[in-house]
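What follows is the residue order along each chain.
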Amino acid sequence: MIRLALLRHGHTAWNRAGRIQGRSDIPLDRAARAELIGYTLPKDWQQAELWSSPLTRAAETALLVAGHNPRTASELIEMNWGDWEGLHGLDLKAAPDSGFRDIEEWGWNYRPPGGESPAQVWSRIEPWLYALKQDAIAVCHIGIMRMILARAHDWDFDGPAPFRIKRNRLFVVEIDGRDLRPWPDPVRLLRKDAS
């Protein structure tokens, strides 16, 4: 059995403005850097293999929290939001003809115009996930975390999610063959001054 801990990258200016980032390489903002430098990994995760998305916001989060550079995997890059990248989600939601849906109504085949569906994202993550040979941390994006946690919780993007992704927490799934089992509670990062 292998453990995989998922950690969402720190805030960017686009996060704070409610803009859809997708694969746009938006860096961490100054406040996120100042916050993340004060955190470290819990002791039982410090020897885990460190991975991240190749996007700057994820790789820098990994470096700030773990103290060393991660290995990057293109499979961990955020969901492609196509024509909607850079737009404000609330504006799309308010436009009746945009096709925008809340996550609880996606299903696995929902696809933004010119983007990827959850099923397509899972297809690229799955081989990477099942090739892991040891405990690992993946610093990535909310979309990637949603796909892995959805599979682990047997949630099909139909109704309220059985998890809520917050920052500065490790969301752990156990990989046993082809089975994914979620831990019931996330593991908080430690404050450096308290560790």
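Up top is the structure.
Quantities reported herein were computed from a predicted structural model and do not represent experimental measurements.

Let's shift gears to the pairing of strand 1 (residues 2-8). Along any regular strand the residues' side chains alternate between the sheet's two faces. Of all 7 residues in strand 1, 7 are buried, a share of seventy percent or more. Side-chain alternation along strand 1 places I2, L4, L6 and R8 on one buried face and R3, A5 and L7 on a second face that is also buried. Across 5 bridges, strand 1 lies against strand 6 (residues 169-176) in antiparallel orientation. Across the sheet, residue I2 finds its bridge partner in strand 6, namely I175. The sheet contact formed by strand 1 and strand 5 (residues 136-140) spans 5 bridges and is parallel. Opposite R8, over in strand 5, you have C140 as the bridge partner.

A few words on the packing of aromatic side chains. This structure, assessed with the given rule, holds 10 aromatic pairs. Within the aromatic cluster, the residues linked to one another by ring pairs are W81, W84, F100, W106, W108, Y110, W155, F157 and F163. R3 extends its terminal NZ or CZ atom over the ring of W45, reaching a point 4.1 Å from the ring centre. The ring of W108 is capped by R151, whose NZ or CZ atom sits 4.2 Å from the centre of that ring.

What follows concerns helix 5 (residues 118-130). When the terminal C-alpha atoms of helix 5 are compared, their 18 Å separation across 13 residues agrees well with the 18 Å that a helix rising 1.5 Å per residue should span. The largest bend in helix 5 amounts to roughly 30° and is located at R124, with the proline P127 lying one to four residues further along. Within helix 5, the full set of buried residues consists of P118, V121, W122, R124, I125, W128 and L129. Where helix 5 is buried, its residues contact strand 1, strand 3 (49-52), strand 5, helix 6 (142-153), strand 6 and strand 7 (179-182).

Definitions and cut-offs
- Going along each chain's sequence as written, the residues are numbered from 1 onward.
- For this predicted model, a pLDDT threshold of at least 70 governs which residues receive local features, and a threshold of 80 or more governs which side-chain atom pairs are given and counted, while totals over whole chains, interfaces and linings are taken from all residues.
- Remark: hydrogens and water are excluded; side-chain values derive from all non-hydrogen atoms of the structure.
- With a 1.4 Å probe rolled over the protein chains alone, any residue whose accessible area is under 20% of its type maximum counts as buried; one over 50% counts as exposed, and the rest are partly exposed.
- Numbered from the N terminus, helices here are DSSP runs of H or I no shorter than four residues, and strands are runs of E no shorter than two.
- Only strands that DSSP links by at least two bridges are regarded as paired with each other.
- Planes of paired rings set the category: under 30 degrees apart is stacked, over 60 is edge-to-face and the rest tilted, where pairs are Phe, Tyr or Trp rings (Trp by its six-membered ring) whose centres lie within 6.5 Å.
- Should the NZ of a Lys or the CZ of an Arg lie within 6 Å of a ring centre and within 35 degrees of the ring normal, that charge is described as sitting over the ring.
- A helix's residues, less one, multiplied by 1.5 Å, set its expected span.
- By definition, a residue's bend is the angle between the axes fitted to the seven residues ending there and the seven starting there.
- We call two residues in contact when some of their heavy atoms are within 4.5 Å.

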